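Now for the letters of each chain:
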Amino acid sequence: MLIIGLTGSIATGKSTVSSILSTSPYSLPIIDADLLARKVVEPGTAGYKAIVNYFGPSTPDLLLDETSSSNGTPGKPLNRPALGRRVFGDTDERKRDRQVLNGIIHPAVRWEVYKALIYHYLRGQWAVVLDVPLLFESGMDMICGTVIVVGVHDPAIQMARLRSRDAHLTAEDAENRVRSQGDVRTKAAQAEFRGTATARGVVVWNDADKEELERAVKGAMVSISASSPRWWAWTLLIAPPVGFGIAAWNLVVNYATQKGWEKKKREEKARL
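Residues numbered from 1 in each chain as written. Predicted model: local features only at pLDDT ≥ 70, side-chain atom pairs only at ≥ 80, totals over all residues. Heavy atoms only, no water.

The name an unreviewed UniProt entry assigns to the chain is Dephospho-CoA kinase, from the organism Penicillium citrinum.

Shown next as C-alpha cells:
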C-alpha cells in the first residue's frame, strides 16, 4: 500500500486537495492528523488531562463553559483559540509551550495513525493519504512512499485566505499561525529534493482557483499512479514478506534522503 503524505501550510489549500483526493475518481481513504489531534485531547483522554495540568493554571480561559464533548465523555472541552494564543508565535515562551503541546499530542496521534494504516492495508487499499500539516517536522514523511506539498508562491495570498476563512483572527494572530507551520516554499523544496522524477516528491501550487488546483492534482496523481500501480499494491498484500521488505527499503531511502537534505541546508547556511 502506498502511503501518500499530504502537507502544506495553513491556508494553502491542503484541505481542499484532501477533499479532492477523497472523492471520485480517486476515492482514497484519508487519515487526517488534525481530526486525530482533536480526538486524542477530548475530555477523559490522557492528552486532555496533560494539557489541562500544564496550561490550566496559567490560562484561565483554557476550557469552554460546555459540559459535554463530542465523544460523550462529561467534561469541559478545550478552548482551542485560547490554547492557540499560548503556543503560536516566535517568542521563547511560546516556542517552549508549543514543544510541550506537541510532546503531548504527537505520540498519541502517531499511534492512531499506525492503527489506521494497518486497517487500510488489511482492506487491500491501493493507497492511503496521510494528511499532516507538520509532516516533515514530525518525521512522519519517513514512512511515506511519496509526499505531496500544497503551496502558494506569494505569502500574501496565504495571509489573505487565512483571514478570510477565520475572520476572528487579528493580523498578528494570522501571522503567528502562518509562521508556526514554517515557510511552505521550503517544504516544497524538500519535497522536490525527495525526487520529482520518481514521484517521491510532488508539489501542487495553489495560486489560482479551484479548477486550476484540480488540474494540478490530476497531473500529480498521474505521475504517482505510474510510479506505483495498483497491481503492485495487491502484490504486497498477497506476499507480506515482500511488503515488509519494501517498507524497510523505503525507510532506508527516506532516511538517506533526509540526511542529504540536512547536509544541503547546512551547506547553504554556511555560505551565507
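1. Notes on empty space enclosed by the protein
Applying the stated rule across the entire model yields one cavity of 30 Å³ or more. Quantified by volume, the largest cavity comes out at close to 50 Å³. Taken together, Phe-136, Asp-141, Gln-190, Phe-193, Arg-194, Asn-254, Thr-257, Gln-258 and Trp-261 make up the lining of the largest cavity. When contributions to the lining of the largest cavity are tallied by element, the ones reaching two or more residues are helix H9 (184–195) and helix H12 (240–271). (1 Å grid on protein atoms, 1.4 Å probe; cavity = no way out; pocket = protein on both sides within 12 Å on 5 of 7 lines; lining within 4 Å. Points joined across faces, edges and corners; volume = space filled by probe spheres on them. Helix = DSSP H or I, 4+ residues; strand = E, 2+ residues; numbered from the N terminus.)

2. A look at the pairing of strand S4 (residues 146–151)
Burial runs high along S4: six of the six residues are buried. Burial along S4 is two-sided: Thr-146, Ile-148 and Val-150 and Val-147, Val-149 and Gly-151, pointing in opposite directions, are all buried. Across five bridges, the pairing between strand S1 (residues 2–8) and S4 is parallel. Across the sheet, the residue bridging to Leu-6 is Ile-148, located in S4. Relative to strand S5 (residues 201–205), S4 runs parallel, the two sharing five bridges. Opposite Val-147, over in S5, you have Gly-201 as the bridge partner. (Buried < 20%, exposed > 50% of the residue type's maximum accessible area, 1.4 Å probe, protein only. Pairing = 2+ DSSP bridges.)

3. A look at the pattern of salt bridges
Taken as a whole and assessed by the stated rule, the structure comprises 13 salt bridges. Among the salt bridges present, the one from Arg-194 reaches Asp-141, with a minimum N-O distance of 4.0 Å. One end of the pair, Arg-194, is in helix H9; the other, Asp-141, is in the loop between helix H6 (135–138) and S4, and 53 residues separate them in sequence. Like Arg-194, the residue Asp-141 is buried in the burial classification. Notably, a salt bridge pairs Lys-265 with Glu-268, separated by 3.3 Å at the nearest N-O pair. Of this pair, Lys-265 and Glu-268 are both found in helix H12, three residues apart, which corresponds to roughly one turn of the helix. Relative accessible area serves as the criterion here: at 34%, Lys-265 is assigned to the partly exposed category. One salt-bridge network, held together by shared partners, links Lys-39, Glu-112 and Lys-115. (Salt bridge = Lys/Arg side-chain N within 4 Å of Asp/Glu carboxyl O.)

4. Focus on the pairing of S1
The side chains of a regular strand alternate between the sheet's two faces. Among the seven residues of S1, seven are classified as buried, and the element is accordingly described as predominantly covered. Residue alternation in S1 divides its side chains into two sets, Leu-2, Ile-4, Leu-6 and Gly-8 and Ile-3, Gly-5 and Thr-7, and both sets are buried. As paired elements, S1 and strand S3 (residues 127–131) share five bridges and run parallel to each other. Residue pairing across strands places Leu-2 opposite Ala-127, the latter belonging to S3.

5. A closer look at H9
If you check H9, its first and last C-alpha atoms are 17 Å apart, about what 12 residues at 1.5 Å a residue would give, namely 16 Å. Taken residue by residue, H9 has Val-184, Lys-187, Ala-188, Gln-190, Ala-191, Arg-194 and Gly-195 as its buried positions. Buried residues along H9 cover an arc of 160° about the axis, so they all sit on one side. Packed against the buried residues of H9 are S1, H6, S4, helix H7 (155–165), S5 and H12. (Expected span 1.5 Å × (residues − 1). Arc of directions from axis to C-beta. Contact = heavy atoms within 4.5 Å.)

6. Considering the sheet that holds S4
With respect to topology, five strands assemble into an open sheet ordered S2-S3-S1-S4-S5, the strand pairing being parallel. In this open sheet, the two strands that pair with only one neighbour each are strand S2 (30–32) and S5. Ignoring strand direction, the axes of neighbouring strands in this sheet form an average angle of 20°. Packing of helix H1 (residues 14–22) onto the sheet brings it into contact with S1, S2, S3 and S4, and relative to S1 it is tilted by some 150°. (Axes fitted to C-alpha atoms, helices over the stretch in contact; angles between N-to-C directions.)

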